[in-house]
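Now for the letters of each chain:
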Amino acid sequence: PDRFRHRHDFLSLRRFRDAQEGLRRRKMVVDARGLSCPQPVVEAKKAAATGEKEIEIFLDNPTSITNVARFMTNQGYRLKTNDIQPDQSNRLVFVK
């Protein structure tokens with residue numbers, strides 16, 4: 001006996017599973033622009049404590065970029081991306 005009577009039942013289940021997987025892969029975003037040290041590192045620490053596999057952090061202070069990158073690598077994250085945004089801030093993406 002077939003588990004699904006109609007093709008749309010199977011497709012609905014597949015969409016549901018794909019949506020669940022998308023939620024699991026969602027990354028955490030931290031906007032630390034305008035914050036002075038040590039606040040960006042404190043925000044990064046909070047994000048790392050959640051155990052997210054991917055964390056995206058926006059920074060606009062060169063010292064904060066160095067400090068946050070050092071902290072995150074010490075926490076076992078790897079810097080995947082460091083992009084300069086149109087507003088001249090940096091977008092750092094860390095993965096575990």
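The structure reproduced in this document is the subject of the present report.

Conventions adopted
Residues numbered from 1 in each chain as written. Predicted model: local features only at pLDDT ≥ 70, side-chain atom pairs only at ≥ 80, totals over all residues. Heavy atoms only, no water. Salt bridge = Lys/Arg side-chain N within 4 Å of Asp/Glu carboxyl O. Helix = DSSP H or I, 4+ residues; strand = E, 2+ residues; numbered from the N terminus. Buried < 20%, exposed > 50% of the residue type's maximum accessible area, 1.4 Å probe, protein only. Contact = heavy atoms within 4.5 Å. Pairing = 2+ DSSP bridges. Axes fitted to C-alpha atoms, helices over the stretch in contact; angles between N-to-C directions.

Scanning the entire structure with this criterion turns up eight salt bridges. For D87, the salt bridge is made with R33, and the minimal N-O distance between the two is 3.1 Å. Of this pair, D87 sits in the loop between β3 (78-84) and β4 (90-95) while R33 sits in the loop between β1 (28-31) and α2 (39-49); the two residues are 54 residues apart in sequence, bridging distant segments of the chain. Note on D87: relative accessible area 46%, which makes it partly exposed. R33 sits in the partly exposed class, given a relative accessible area of 32%. Among the ionic contacts, a cluster of salt bridges with common partners joins K27, E54, E56, K80, D83 and R91.

All right, on to the environment of T81 then. Counting through the fold element by element, T81 comes out in strand β3. Its relative accessible area of 17% is what places T81 among the buried residues. Sequence separation of T81 and F94 is 13 residues, and the distance between their C-alpha atoms is 7.2 Å. With near-sequence residues (within four places) excluded, T81 lies in contact with R91, L92 and V93.

Our next topic: the sheet that holds β3. Taking strand neighbours across the sheet as the criterion, the four strands line up as β1-β2-β4-β3 in an open arrangement whose pairing is mixed. The two strands at the open ends of the sheet, each matched to only one other strand, are β1 and β3. For this sheet the average axis-to-axis angle between neighbouring strands, irrespective of direction, equals 15 degrees. This element, α2, spans β1 and β2 (54-59) of the sheet and lies at about 165 degrees to β2. Here helix α3 (residues 62-74) sits on the sheet and contacts β2 and β4; the angle it forms with β2, its principal contact strand, is near 165 degrees.

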